[in-house]
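Coordinate analysis (summary)
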Amino acid sequence: QVRLVESGGGLVQAGGSLRLSCAASTSIFRFVSMGWYRQPPGKQRELVATITNGDNTNYADSVKGRFTISRDSAVNTVYLQMNSLKPEDTGVYYCNARTLFDVYWGQGTQVTVSS
């Protein structure tokens, strides 16, 4: 059924940039919204950014102005552009997709920001 596959994670120095990709196995127009969550080491999963079918976006205060979520329906992919990265951004990043009734998750991709 629905599969979400993240890629683009890795190791980057503080102040650097990284772009995460989430490829969906189906048309992303099926989803009311898509988003990115992250789980820092030893902490709970938290919302990072979301984007709706109508391209409305919202961000966690901690990433506002530094991260940008976008989508490309032609390739069924949502992106998270991360700039000015901080060590506090370190964690496993998960792609999320929602319909009115269901929630789907990817397997996650590790992002490590060194100081």
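See the structure above.
The shown structure was predicted, so the numbers you read here are calculated from the model rather than taken from an experiment. (Residues numbered from 1 in each chain as written. Predicted model: local features only at pLDDT ≥ 70, side-chain atom pairs only at ≥ 80, totals over all residues. Heavy atoms only, no water.)

What follows covers the side chain of Arg 66. By the secondary structure assignment, Arg 66 is in the loop between β6 (57-59) and β7 (67-72). Leave out the neighbours within four places in its chain, and Arg 66 touches Gln 81, Met 82, Asn 83, Ser 84, Leu 85, Lys 86 and Asp 89. (Helix = DSSP H or I, 4+ residues; strand = E, 2+ residues; numbered from the N terminus. Contact = heavy atoms within 4.5 Å.)

With that settled, the discussion passes to the pairing of strand β1 (residues 4-7). Burial along β1 is one-sided: the residues Leu 4 and Glu 6 are buried and none of Val 5 and Ser 7 is. Pairing of β1 with strand β3 (residues 18-24), which is carried by four bridges, proceeds in the antiparallel orientation. Across the sheet, the residue bridging to Glu 6 is Cys 22, located in β3. (Buried < 20%, exposed > 50% of the residue type's maximum accessible area, 1.4 Å probe, protein only. Pairing = 2+ DSSP bridges.)

Another aspect to go through is the pattern of salt bridges. Under the counting rule described, the total for this entry stands at five salt bridges. Residue Asp 55 is joined to Arg 71 by a salt bridge in which the shortest nitrogen-to-oxygen separation is 2.7 Å. Of this pair, Asp 55 sits in the loop between β5 (46-52) and β6 while Arg 71 sits in strand β7, and the two are 16 residues apart along the sequence. The exposure class of Asp 55 is partly exposed, given its relative accessible area of 45%. Across the pair Asp 61 and Lys 64 runs a salt bridge whose closest N-O atoms are separated by 3.2 Å. Per residue, the accessibility class of Asp 61 equals that of Lys 64, and both read exposed. Through salt bridges with shared partners, one network takes in Arg 38, Glu 46, Arg 66 and Asp 89. (Salt bridge = Lys/Arg side-chain N within 4 Å of Asp/Glu carboxyl O.)

Below, the discussion takes up unusual backbone geometry. Phi at Asp 55 takes a positive value of approximately 70°, unusual for a residue other than glycine. If you check the backbone angles, Asn 76 has positive phi at about 55° while not being a glycine. Assignment of secondary structure puts Asn 76 in the loop between β7 and β8 (77-82).

This next bit is on the environment of Arg 38. Of note, Arg 38 is situated in strand β4 (residues 33-39). Sequence-wise, Arg 38 and Tyr 94 are 56 residues apart; in three dimensions their C-alpha atoms are separated by 5.8 Å. Beyond its immediate sequence surroundings of up to four residues, Arg 38 is in contact with Gln 44, Arg 45, Glu 46, Val 48, Ser 62, Val 63, Phe 67, Glu 88, Asp 89, Val 92 and Tyr 93. A polar contact is formed between the side chain of Arg 38 and the side chain of Asp 89, at a distance of 2.9 Å. For Arg 38, the side chain forms a polar contact with the side chain of Tyr 93, separated by 2.9 Å. (Polar contact = N/O pair within 3.5 Å; in protein donor to acceptor, adjacent residues only side chain to side chain.)

Another aspect to go through is the pairing of β8. Most of β8 sits out of view: five of its six residues are buried. Pairing between β3 and β8: six bridges, direction antiparallel. Opposite Leu 18, over in β8, you have Met 82 as the bridge partner. Pairing geometry for β7 and β8, over six bridges, is antiparallel. Residue pairing for β8: Asp 72 is matched across the bridge by Thr 77.

Read these as layout, nothing more, since geometry by itself doesn't imply function.
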